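These are the residues of each chain, in order.
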Amino acid sequence: MNLKLQPFLPSGFDPQEGKHLLKETIDLAWPATVESIFVGLASLVDTIMVSALGTTAIAAIGLTNQPKFIAIAFIASLNVGITAIISRRIGANRLDDANACLRQSLLMSVLISALVCGLSFLFARPYIQFAGAQADTIELAVQYFRIVIIGQFFGNIGMTINAAQRCAGNSKISMRTNLAANGINVVFNYLLIGGHFGFPRLEVAGAAIATALGCFIAFLMSVQSLVSPKSKLRLTLKESWLPSREVLAPVGEISFSAFVEQLCMRLGFFLYALIVAGLGTKMFATHQICMNICNICFSCYDGFAAAAAALVGQNLGRKRSDRAECVTVICNRLAMTMAILMVAGLILFRAPLIQMFTADPEIIQLGSWIMILFALSVPSLSAMTVYGGALRGAGDTRLIAVYALISTTIIRPALSWLLCYPVGLGVIGPWIGLLVDFVLRFLLCRRRYRTGLWKQRVY
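Parameters and conventions
Residues numbered from 1 in each chain as written. Predicted model: local features only at pLDDT ≥ 70, side-chain atom pairs only at ≥ 80, totals over all residues. Heavy atoms only, no water. Helix = DSSP H or I, 4+ residues; strand = E, 2+ residues; numbered from the N terminus. Rg over C-alpha atoms; globule rule 2.2 N^0.38 Å. Buried < 20%, exposed > 50% of the residue type's maximum accessible area, 1.4 Å probe, protein only. Contact = heavy atoms within 4.5 Å. Areas by Shrake-Rupley, 256 points an atom, 1.4 Å probe, with all protein chains shown as cover. Phe/Tyr/Trp six-rings, centres within 6.5 Å; stacked < 30°, edge-to-face > 60°. Patch = residues over 30% accessible without salt bridge, like charges linked within 9 Å, V, L, I, M, F, W, Y side chains within 5 Å. Salt bridge = Lys/Arg side-chain N within 4 Å of Asp/Glu carboxyl O. 1 Å grid on protein atoms, 1.4 Å probe; cavity = no way out; pocket = protein on both sides within 12 Å on 5 of 7 lines; lining within 4 Å. Points joined across faces, edges and corners; volume = space filled by probe spheres on them. Nonpolar A, V, L, I, M, F, W, Y, C, P; charged D, E, K, R; others polar. Core = buried A, V, L, I, M, F, W, Y, C linked by side-chain atoms within 4.5 Å. Disulfide = S-S within 2.5 Å. Expected span 1.5 Å × (residues − 1).

## Let's talk about the overall build of the protein chain
Next, step 1: Each helix and strand counted, the protein chain has 15 helices and zero strands in total.
Next, step 2: Since a compact globule built from 459 residues should have a radius of gyration of about 23 Å, the 21 Å found for the protein chain is in line with a globular shape.
Next, step 3: For the protein chain, with 459 residues in total, the buried portion stands at 58%.
Next, step 4: Considering only contacts within the protein chain whose residues lie at least 6 apart along the sequence, 81% involve residues at least 24 apart.
Next, step 5: Summing over all exposed atoms, the protein chain offers an accessible surface of approximately 18500 Å²; the carbon and sulfur share of this is 67%.

Following this line, the structure appears as C-alpha cells:
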C-alpha cells in the first residue's frame, strides 16, 4: 500500500479493501464538502457585498440567519431519515425500494417546505423581532427575509434531492448546483445591490433577490438530475406516489429524532443569537462577521459527515459493519488533518479575515480574539461532526437529540449569558460558550459511537 495513505486507514483492516474505501470516501466527501462550503458562502457573500452599506445592513442580514435555518431544520431532519433508508436500500441492491422512498419523501419535502416557508413569510415581522431586531434593523431584516424565504422553498426541495443522490454515490450533482447558485448570487448581488449596467439599486433587497434566484436555479438542476438515464435514482410518473406506511414509517422514525435534535439546536442557536443581539448593533455585527467565517469552517466538516452517513448506511445495508467502522475512522482522520490546517490558518490570518468585512479597528480587534477562541474549538467540531454523521447514517438519532438538548439548548445559552452579562465579557462570552458546547457534544457522540449499539439497528 502507498505509505502516504496508510495513516488514514485503521490498523488490522484489509489493506486493499481499506484503500478502496478510502477512495470511495474521498470521492463522496470532497464534492459534499464543496457543496456545504458554497451553501455557507451564500450568506457570507451577501454580508461581504452589503458591507459597503454599513454595519446596520450587516446586522440586518445576520438577524435573518437563525429564522432561515429554523425553516431549513424541518427539511434537514427529513433528509437524515432519507439518507439512512435510501443508503441502506442501495447497499442491499434494492433500487426499486430506494426509488419508492425517494418519491414519497420528495412529496413530503414539498408539503413541509410549502407550510414552513409560507408561515415564515406571513409572520416575518414578529419572527425577526423575536430574533432580536432593533429599530434600526427591523425593516431591512424583514424585507431581506421575506424574499430569501421564497427562494428557500425551492432550495429545500433541492436539498432533499441532493441528499438522496448522495446516497447513490452521486455527490457531484449537489456540488454543481451550489456552484451555480453561488455564481448567480455573486453576479446578481453586484448588479442589484449597487445598481450596475442599468439594473436598479436595491441594496439589501437586491442581495435577497440574488440569493433566491440562485436557490431556484439550483432546484431546477437537482430535478434534472433525476430524469437522467445514468442516475440510479429516477423520477417517473408511472410508479405510485401515494404515501405508504411501509415506506415512510422507517424514514419518519429516524427523521423525528433528527427533528428533535434540529429543534433543540436551532432553539439553542436562536437564544444564543438573541443574547448577542442584546449587546447592540455594532457588537452583533462583530459577532455576525465572525460567525460567517466560522460557518465556512463548519461546512468543511459537513462533507465528511455526509460521506460517513451515506457510506455507513450502505455498508450496514450490505451487512458489513466492519466496513462501516472503517469509513468512520477514515472520515475522522481526514477531517482531523483538515482541522490542524484550519487551526493554523484561523490563528495566523485572524485579522485579515475580519478586514475582508470592515475597517473598523474595534471590530477587527474583538473579531481577532474571537477567531482564536473558535480555532481552539475546531478539533472538537471536526470529530463531533463525523461521529454524528456516522450515527445518523446508522439511524441511531435519539441520543444525538438528547445531547443537543443538554448541550446546545441549555448549557451553551446559559453559559453564554452568564459570561456575557454578569461576568462582563461581552461578545467574547458567547464564544466561550460555543467552545464548551462543541467539546461536550464531541465527548458524548464519541461515547455513544464506541458502544457499538448503532450497528444493531435494523431498517
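After presenting the structure, the write-up continues.
## Observations concerning the packing of aromatic side chains
Next, step 1: Scanning the entire structure with this criterion turns up 15 aromatic pairs.
Next, step 2: A centroid spacing of 4.9 Å and a plane angle of 35° characterise the contact between Phe74 and Phe259, whose relative ring orientation is tilted. Taken together, the positions of Phe74 in helix H3 (residues 65-91) and Phe259 in helix H9 (residues 245-277) put the pair 185 residues apart, joining distant regions of the chain.
Next, step 3: The exposure class of Phe259 is partly exposed, given its relative accessible area of 22%.
Next, step 4: Their ring planes at 90° and their centres at 6.4 Å tell us that Phe374 and Trp431 sit as a pair that is edge-to-face. Here the residue Phe374 occupies a position in helix H13 (residues 361-393), and Trp431 occupies one in helix H15 (residues 428-451), the gap between them amounting to 57 residues.

## Examining a nonpolar patch on the surface
Next, step 1: A cluster of nonpolar residues, Leu115, Leu119, Phe121, Leu122, Phe123 and Ile150, forms a patch on the protein surface that exposes about 590 Å² of accessible area.
Next, step 2: Top contributing element to the nonpolar patch by residue count: helix H4 (residues 95-122), with four residues.
Next, step 3: For Ile150, the location among the structural elements is in helix H6 (residues 138-167).
Next, step 4: Overall, the relative accessible area of 47% leaves Ile150 in the partly exposed class.

## Some details on the pattern of salt bridges
Next, step 1: Taken as a whole and assessed by the stated rule, the structure comprises 14 salt bridges.
Next, step 2: A salt bridge links Asp27 to Lys23, with the shortest nitrogen-to-oxygen separation between them at 2.8 Å. You can see Asp27 and its partner Lys23 sitting in helix H1 (residues 15-50), four residues apart, about one turn around the helix.
Next, step 3: Judged by relative accessible area, Lys23 falls into the exposed class, the value being 53%.
Next, step 4: For Arg398, the salt bridge identified is with Glu253, shortest N-O distance 3.5 Å. Of the two residues, Arg398 sits in helix H14 (residues 398-420) while Glu253 sits in helix H9, which places them 145 residues apart along the sequence.
Next, step 5: Put simply, Lys282, Asp360 and Glu362 are held in one network by salt bridges that share partners.

## Quick notes on empty space enclosed by the protein
Next, step 1: For the coordinates displayed, the defined rule picks out three cavities of 30 Å³ or more.
Next, step 2: Around the second largest cavity, the lining residues are Ala59, Leu63, Gly132, Gln134, Asp136, Thr137, Ala277, Gly280, Thr281 and Phe284.
Next, step 3: Contributions of two or more residues to the lining of the second largest cavity are made by helix H2 (55-63) and helix H10 (281-317).
Next, step 4: The class makeup of the residues in the lining of the second largest cavity is four nonpolar, five polar and one charged.

## Details of the nonpolar core
Next, step 1: Counting residues in hydrophobic clusters, the biggest one holds 86 residues, and the most contacted among them are Tyr301, Leu346, Phe374 and Trp431.
Next, step 2: Looking at which element gives the most residues to this core, the answer is H10, with 19 residues.
Next, step 3: In contact with Tyr301, not counting residues within four places along its chain, are Ala335, Met338, Ala339, Met342, Val378, Leu381, Ser382 and Thr385.
Next, step 4: Counting residues in hydrophobic clusters, the runner-up holds 25 residues, among them Ala168, Leu226, Ile254 and Ala258.

## Some remarks on the state of the cysteines
Next, step 1: Within this structure, the stated rule accounts for zero disulfides.
Next, step 2: Unpaired in terms of disulfides, Cys215 finds its nearest cysteine sulfur in Cys117, a separation of 9.7 Å.
Next, step 3: Distance from the sulfur of Cys420, which forms no disulfide, to the nearest cysteine sulfur (Cys290) is 14 Å.

## Looking at H2
In an α-helix, one turn spans 3.6 residues; hence positions three or four apart end up facing the same way.
Next, step 1: With seven of nine residues buried, H2 is to be regarded as a mostly interior element.
Next, step 2: Ala57, Ile58, Ala59, Ala60, Ile61, Gly62 and Leu63 are the residues of H2 that are buried.

## Description of the layout of surface pockets
Gaps between atoms show up when a probe of the same size as a water molecule is rolled over them.
Next, step 1: In this structure, the largest pocket occupies an estimated 210 Å³ of space.
Next, step 2: Every residue lining the largest pocket is listed: Phe74, Ser77, Leu78, Met108, Ile112, Leu248, Val251, Gly252, Ser255, Phe256 and Phe259.
Next, step 3: Only H3, H4 and H9 provide two or more residues apiece to the lining of the largest pocket.
Next, step 4: A total of six residues in the lining of the largest pocket trace back to one element, the largest contributor, which is H9.
Next, step 5: For the lining of the largest pocket, the residue count by class is eight nonpolar, three polar and no charged.

## A few points about H10
Next, step 1: For H10, which comprises 37 residues, the first-to-last C-alpha distance of 51 Å matches the rise-based estimate of 54 Å (1.5 Å per residue) to within 8%.
Next, step 2: With 35 of its 37 residues buried, H10 lies for the most part within the structure.

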